[in-house]
Amino acid sequence: MEPNINIDNESKNNYNLILNNQKIKNLLALKLSLTYSAIKYRQEFGDEIDDLIQLVKLELQRE
């Protein structure tokens, strides 16, 4: 059975107030840094895979 979720009566987020909190800013910066690191690693890994595919294609063409 799915839960009944209703957010109609909830107050709106006050992002200005949230972003005035230094701890929140630090947590967001940390998350951004970790996300960037993960994306960069995935891109580099993807580039290595592309290089390997090209090497395999070259080897197959030589045969």
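Use the structure listed above.
Throughout this document, residue positions are counted from 1 along each chain, in the order its sequence is written. Owing to the predicted nature of the model, reporting of local features is limited to residues with pLDDT of at least 70; listing and counting of side-chain atom pairs is limited to 80 or more, with chain, interface and lining totals taken over all residues. Neither water nor hydrogens contribute to the side-chain values; these are computed over all heavy atoms in the structure.

Caption draft 1: Fine view of a negative patch on the surface. Side chains of Glu44, Asp47, Glu48, Asp50 and Asp51 sit close together on the surface and give a patch of like negative charge. Only DSSP runs of H or I covering at least 4 residues are called helices, and only runs of E covering at least 2 are called strands; the numbering of each starts at the N terminus. In this fold, glutamate 48 is placed in helix α2 (residues 22-62). Buried means the residue's accessible area, taken with a 1.4 Å probe over protein chains only, is under 20% of the maximum for its type, while exposed means over 50%, and partly exposed covers the values in between. Among the residues examined, glutamate 48 registers a relative accessible area of 51% and is labelled exposed. Patch building starts from residues that exceed 30% relative accessible area and form no salt bridge, then joins like charges within 9 Å and nonpolar side chains (Val, Leu, Ile, Met, Phe, Trp, Tyr) within 5 Å. Note on areas: Shrake-Rupley with a 1.4 Å probe; residue coverage comes only from the protein chains shown. By definition, a salt bridge exists where a carboxyl oxygen of Asp or Glu is found within 4 Å of a side-chain nitrogen of Lys or Arg. In this count, Lys and Arg are taken as positive residues and Asp and Glu as negative ones, while His and the chain termini are left out. In plain terms, the charge of a residue is placed at NZ if it is Lys, CZ if Arg, CG if Asp and CD if Glu.

Caption draft 2: Molecular detail of a nonpolar patch on the surface. A contiguous nonpolar patch, built from Tyr15, Ile18, Leu19 and Leu28 and spanning about 370 Å² of accessible area, is present on the exposed surface. Examining the composition of the nonpolar patch, we find that 3 residues originate from one element, helix α1 (residues 15-19), more than from any other. Along the chain, leucine 19 falls in helix α1. For leucine 19, a relative accessible area of 38% puts it in the partly exposed group.

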